[in-house]
Amino acid sequence: MFRYVHYEVTCAILAVCATVVSAGVVFGVKGAPEAPRGVAHAVAFGLLLLVCAAGFGVLSVSRLKWFGESRDFDRATPLKETDAVPPTQGEQYRNCVNVYLFVFMVACALGGGLLWERGLALSPLFLASVWLARGWWVARWERCHGLLLWTGRARARLPEGDQHLYSSVR
C-alpha cells in the first residue's frame, strides 16, 4: 500500500530517468535528431505536446463521468474501518518504485529510437508529463479534503468495489 501522490511522482521520475538512459544511448549511437525548420520550432512543438499530455493527465483524474477517477476518490474507505496499517516512511517509497515499468519504458524508447526515429528516445517524457499532472491534481484533492489517499494492496478486507483508502493528515 502506498500514497497515490507518491506513486504518480515516482512514475514520473522513472519516466524522466528512462528518457535520460534511452536518449543517451540513441543520441550516442545515431546522433542528435535534426529539425528541418530549426530547433526553436521543434522545442515549441515538443512543449505543446507535453502540455497536451498534462491536460490529458488532469482530465483522467477529474470528475468527468466514465473518464475521470476523482469520483472514486470521494468513495474511498477510511483506513480505520478496514484495519489496514499504512507502511512506514521508508517502506512506502520502496513500494512505489516499479522496476518493470522502467525497463519497459527504456526498451520501448530504445527500440523506437534505434529502429525507427531518433526523436522517439524522448517519448517517456510524455508519460512523465501525464503522471506529474495527475500527482499535482491528486495532491490538490488531498489538500482540499484534508485527507491522504492510499492505493495498492492493503492487507485488510476491503468492501467490494473500493480501490482507494484514505487517512487523516495526522
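The coordinates are above.
Residues numbered from 1 in each chain as written. Predicted model: local features only at pLDDT ≥ 70, side-chain atom pairs only at ≥ 80, totals over all residues. Heavy atoms only, no water.

Colleague: Can you help me understand the environment of L132 in this one?
Modeller: Along the chain, L132 turns up in helix α7 (residues 124-145). As for L132 and I13, which are separated by 119 residues in sequence, their C-alpha atoms are 8.9 Å apart. (Helix = DSSP H or I, 4+ residues; strand = E, 2+ residues; numbered from the N terminus.)

Colleague: Help me out: how do you make sense of helix α6 (residues 99-115) in this one?
Modeller: Since the α-helix advances by 3.6 residues per turn, residues separated by three or four positions end up pointing in the same direction. With 17 residues, α6 should reach 24 Å at 1.5 Å per residue; the first-to-last C-alpha distance of 24 Å fits that figure. Of all the positions in α6, only L101, M105, V106, A109, G112 and G113 are classed as buried. Each buried residue of α6 lies within a common arc of 140° when the element is viewed along its axis, so the set occupies one face. Residues of α6 that are exposed and point over 90 degrees away from its buried face: V99, Y100, F104 and L115. On its buried side, α6 packs onto α1 (4-30) and α7. (Expected span 1.5 Å × (residues − 1). Buried < 20%, exposed > 50% of the residue type's maximum accessible area, 1.4 Å probe, protein only. Arc of directions from axis to C-beta. Contact = heavy atoms within 4.5 Å.)

Colleague: Quick question: what am I supposed to make of the nonpolar core here?
Modeller: Nonpolar side chains tend to gather and get buried jointly when the protein is soluble and globular. Within the largest apolar cluster, 10 residues are counted, these being C11, A12, L14, A15, A18, L101, M105, V106, A128 and W131. Contributing elements (two or more residues each) for this core: α1, α6 and α7. Broken down by element, this core gets its largest block of residues, 5 residues, from α1. Those residues in contact with C11, other than ones at most four positions away along the chain, are L101 and W131. (Core = buried A, V, L, I, M, F, W, Y, C linked by side-chain atoms within 4.5 Å.)

Colleague: What exactly am I supposed to notice about the pattern of salt bridges here?
Modeller: Close approach of charged atoms allows side chains of opposite charge to pair. If you walk through the whole model with that rule in mind, you get 1 salt bridge. In this structure, R134 and E8 form a salt bridge, with 3.3 Å as the shortest nitrogen-oxygen distance. Here the residue R134 occupies a position in helix α7, and E8 occupies one in helix α1, the gap between them amounting to 126 residues. R134 sits in the buried class, given a relative accessible area of 12%. (Salt bridge = Lys/Arg side-chain N within 4 Å of Asp/Glu carboxyl O.)

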